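Notes for the structure review
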Amino acid sequence: MNIALHVPCYINELNPEIARKTLLILRHFGLNVSVPKEQTCCGQPFINSGYKTSLPNRFEEIFKDFDYIVSPSSSCVSTVRAQNLSVSNKTFELCEFLHDIVQIKAIAKNYPKTIVLHNSCHSLRHLLEGMPSELNIPYFNKVKAVLGSNIKEADRDECCGFGGIFSLKEGFISYVMGRNKLDDLKNKGDVITGVDYSCLFHLKSIAEKDGDNIEIKHISEILYESLER
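So, how was this worked out
- Residues numbered from 1 in each chain as written.
- Predicted model: local features only at pLDDT ≥ 70, side-chain atom pairs only at ≥ 80, totals over all residues.
- Heavy atoms only, no water.
- Helix = DSSP H or I, 4+ residues; strand = E, 2+ residues; numbered from the N terminus.
- Rg over C-alpha atoms; globule rule 2.2 N^0.38 Å.
- Buried < 20%, exposed > 50% of the residue type's maximum accessible area, 1.4 Å probe, protein only.
- Contact = heavy atoms within 4.5 Å.
- Lys, Arg positive; Asp, Glu negative; His and termini not counted.
- Charge placed at Lys NZ, Arg CZ, Asp CG, Glu CD.
- Pairing = 2+ DSSP bridges.
- Axes fitted to C-alpha atoms, helices over the stretch in contact; angles between N-to-C directions.
- Parallel < 35°, antiparallel > 145°, perpendicular 65-115°, else oblique.
- Nonpolar A, V, L, I, M, F, W, Y, C, P; charged D, E, K, R; others polar.
- Phe/Tyr/Trp six-rings, centres within 6.5 Å; stacked < 30°, edge-to-face > 60°.
- Domains from an automatic or database assignment.
- Buried area = accessible area lost by both parts, 1.4 Å probe.
- Salt bridge = Lys/Arg side-chain N within 4 Å of Asp/Glu carboxyl O.
- Polar contact = N/O pair within 3.5 Å; in protein donor to acceptor, adjacent residues only side chain to side chain.

Secondary structure summary: the chain contains 12 helices and 8 strands in total. For 229 residues, the compact-globule estimate of 2.2 N^0.38 gives 17 Å, and the chain sits close to it at 17 Å. Overall size of the chain, expressed as C-alpha extent along the three principal axes, is 45 × 45 × 35 Å. A total of 229 residues make up the chain; the buried ones form 52% of that total. Across the chain, every contact between residues at least 6 apart in sequence was considered, and the portion connecting residues at least 24 apart equals 73%. A gap of 1 Å separates the mean positions of the 26 positive and 28 negative side-chain charges of the chain.

A separate point is the sheet that holds strand S4 (residues 91–93). With respect to topology, 4 strands assemble into an open sheet ordered S2-S1-S3-S4, the strand pairing being parallel. Both outer strands of the open sheet, strand S2 (32–34) and S4, are each paired with one neighbouring strand and no more. Taking the axes of each pair of neighbouring strands and ignoring which way they run, one obtains an average angle of 35 degrees across the sheet. Examined bridge by bridge, strand S3 (residues 68–71) and S4 share 3 bridges and lie parallel to one another. Residue pairing in the sheet places Val 70 in a bridge with Phe 92 of S4.

Packed helices, taken two at a time, are described by the angle their axes make and the gap between the axes. Taken N-terminus to C-terminus, the directions of helix H2 (residues 17–28) and helix H6 (residues 94–102) make an angle of 10 degrees; their axes are 11 Å apart at the nearest point. Classed by the angle they form, the pair H2 and H6 counts as roughly parallel. Contact residues: H2 offers Thr 22, Ile 25 and Leu 26, while H6 offers Leu 94, Phe 97 and Leu 98. Tallied by class, residues from the contact of H2 with H6 come to 5 nonpolar, 1 polar and no charged.

Right, let's get into the packing of aromatic side chains. One pass over the full model with this rule turns up 6 aromatic pairs. Consider the rings of Phe 59 and Phe 63, whose centres lie 4.5 Å apart with planes at 40 degrees: the pair is tilted. One end of the pair, Phe 59, and the other, Phe 63, are both in helix H4 (residues 55–63), 4 residues apart, so they sit about a helical turn from each other. In this structure Phe 63 comes out as buried when scored by relative accessible area, which is 0%. Seen from their ring centres, Tyr 68 and Phe 97 are 5.4 Å apart, and the 65 degrees between their planes marks the pair as edge-to-face.

So, about unusual backbone geometry. Although it is not a glycine, Asn 84 adopts a positive phi angle of roughly 55 degrees. With respect to the helices and strands, Asn 84 occurs in the loop between helix H5 (74–82) and S4. Unlike most non-glycine residues, Gln 103 shows phi in positive territory, near 60 degrees. Along the chain, Gln 103 falls in the loop between H6 and strand S5 (115–117).

Once that is clear, we can look at the domain arrangement of the chain. Split by domain assignment, the chain resolves into domain 1 (2–102) and domain 2 (115–228). The gap between the C-alpha centroids of domain 1 and domain 2 is 19 Å. Counting from both sides, the interface comprises 29 residues of domain 1 and, opposite them, 30 residues of domain 2. Of the roughly 2500 Å² buried where domain 1 meets domain 2, counting both sides, 68% is carbon and sulfur surface. Where domain 1 packs against domain 2, one counts 1 salt bridge. Between Lys 142 and Asp 100 there is a salt bridge whose closest N-O contact spans 2.8 Å. Counting across the domain 1 and domain 2 interface gives 5 residue pairs in polar contact (both at pLDDT 80 or more). Secondary structure elements with two or more residues in the side of domain 1 that touches domain 2: helix H1 (9–14), H2, H5, S4 and H6. Here the side of domain 1 that touches domain 2 is built from residues that sort into 13 nonpolar, 11 polar and 5 charged.

And the structure:
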């Protein structure tokens, strides 16, 4: 398999270690992975704000010759799939790719901490759109299968309040939603994780602002720490 790693712009800016660890995870399983230097944003911020953009077409041009495109972000992947591009059905979120294509499970089965999974809106509501029926199972079940550990979840799957531009335009409401979500998650276990760093960054910022002592990590970080090397 000839695989490309898509590095979301916000991850490249806020926490590039997530991209590096995603790359190392894939290569750990003997996969041939490239990181195209010319890649750009998938266009999600513009599309979500109602603006026309040629970025999805640019994404298609850059990645069209790869067998699979893997990204550590369900929101970017769901955006690409929604554009009905030639690369849409071969673009996967990291855990989804490990589960569906590589068929790797229980990577973090011996993880020493109780993991609390935040199911982001995109992973819950958009990621499975257009996928073949045999792969169209509840997304969070795939994530839990790949982790293979004692996974806890929120009592209710509600938005964390980030929502991209929403968090800028409606800062107070965004904070209250995030505060409620954090309160729901933080007492469930030792470390909060998820497949979208935008959500986790929002929750982490609230935790730091309010003095909450809770560990928050992107799922690639937990998977990387769990690899037998």
